[in-house]
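# Descriptive analysis of the structure
One-letter residues, chain by chain:
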Amino acid sequence: MSAITNERRHLLNLAYRLTGSLADAEDVVQETYARWYALTRPRQDAIDNPAAWLTTVATRVCLDLLGSARARRERYVGSWLPEPLPTDVADLSDRVTLDESVSMAFLIVLDAMTPAERVAFVLHDVFGYPFTEVATIIGRTPVACRKLASSARRRVRDAGTPLTPPTDQAQVVRDFKKAWEAKDITALIALLDPGATVTADGGGQVSAVQHPLQGRDQIAHYATTLFRVMPDMTILERTVNGHPGLMVQLAGVTTTVMAFELAGDRIIHIWAVRNPSKLRPWTA
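Below is a short write-up of the structure. Only a predicted model underlies this, so the values are computations on that prediction, with no experimental measurement involved.

Rules used throughout
Residues numbered from 1 in each chain as written. Predicted model: local features only at pLDDT ≥ 70, side-chain atom pairs only at ≥ 80, totals over all residues. Heavy atoms only, no water. Helix = DSSP H or I, 4+ residues; strand = E, 2+ residues; numbered from the N terminus. Expected span 1.5 Å × (residues − 1). Buried < 20%, exposed > 50% of the residue type's maximum accessible area, 1.4 Å probe, protein only. Arc of directions from axis to C-beta. Polar contact = N/O pair within 3.5 Å; in protein donor to acceptor, adjacent residues only side chain to side chain. Pairing = 2+ DSSP bridges. Contact = heavy atoms within 4.5 Å. Axes fitted to C-alpha atoms, helices over the stretch in contact; angles between N-to-C directions. Parallel < 35°, antiparallel > 145°, perpendicular 65-115°, else oblique. Left-handed = near helix turned anticlockwise from the far one by under 90°. Nonpolar A, V, L, I, M, F, W, Y, C, P; charged D, E, K, R; others polar.

Attention now goes to helix α2 (residues 22-38). In this model, α2 (17 residues) spans 24 Å end to end at C-alpha, consistent with the 24 Å of a helix rising 1.5 Å per residue. Where α2 is concerned, the buried positions are Leu22, Ala25, Val28, Val29, Thr32, Tyr33 and Trp36. On an axial view of α2, the arc spanned by its buried residues comes to 125 degrees, and they lie on one face. Residues Gln30, Tyr37 and Ala38 are exposed on α2 and point more than 90 degrees away from its buried face. The N-cap of α2, judged by a side-chain oxygen 3.4 Å from the amide nitrogen of alanine 23 a few residues on, is serine 21.

Okay, the sheet that holds strand β2 (residues 213-214) next. Taken together, the six strands give an open sheet; going across it, the order is β2-β1-β6-β5-β4-β3, and neighbouring strands pair in mixed fashion. Only two strands of the sheet have a single neighbouring strand rather than two, namely β2 and β3 (233-240). Across the sheet, helix α12 (residues 216-229) touches β1 (192-201), β2 and β3, and the angle it forms with β1 is around 50 degrees.

Take the packing of helix α4 (residues 50-75) against helix α8 (residues 131-138) next. Each pair of packed helices can be summarised by the angle the axes make with each other and by the distance between the axes. Where α4 meets α8, the axes come as close as 9 Å, and the angle between the chain directions of the two elements is 60 degrees. The angle between α4 and α8 places the two elements in the oblique class. You can see that α4 and α8 cross each other, and the crossing is right-handed. In contact with Thr55, Thr56, Thr59, Arg60 and Leu63 of α4, α8 contributes Thr136, Ile137 and Ile138. Across the contact of α4 with α8, the residue classes break down as three nonpolar, four polar and one charged.

Here's what the structure looks like:
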């Protein structure tokens, strides 16, 4: 793999974790290289570390996006969720490295941070940049970056839940699929934590619950109702952001991608992405 391909992959991984959107991440990488190629050859040659220059530019583009995203969220219809990553698609899995920092649960926590917290934390804690380099990239002092990362780290700890091994999680998700297809409310309730939550993102483009559903009874009844009104619905097991998840299709068209978070053998969070703009990699 060439050096430029490795660098593009690094920038895509960084931008996806910073923006929570594969589409935005690809735009960030494109913009970063556009700025690089806009430089004259003498200016390129004068840059001691092109990789560091590209990382700095990509991060600052992400910071601008995160700042404008705050305003866009105020106009967003319903709940906003990160764009799900189809990690069992070879092309994408070759470009995006799978680890806990791309899980839906982790991206949700990242999204609750301020842009500066998110950038400092991702650069230092996820990608291992020293604070002196983080400070140069985002234009703050190393002390300020250390404080930002520490604040972000507390958010991650406060949101932390016991991790379920992927093999065990796959079985729980599979059991949920079977119970859902069977419209077995009792079995669904048994798989859900009493305080389980479902959050759906339709983006105002398709129907979706506007507010999170809370409580296993409500979730189980809602799930079985969906199957009754859409009997031709097909549920498929898929890897979502590196973890077992589900994909829902109607007449062969992907309409929903679902990510799960477990505590032990119980489901505590379900994130259902229905916004068609966020499902393009799943429908290609």
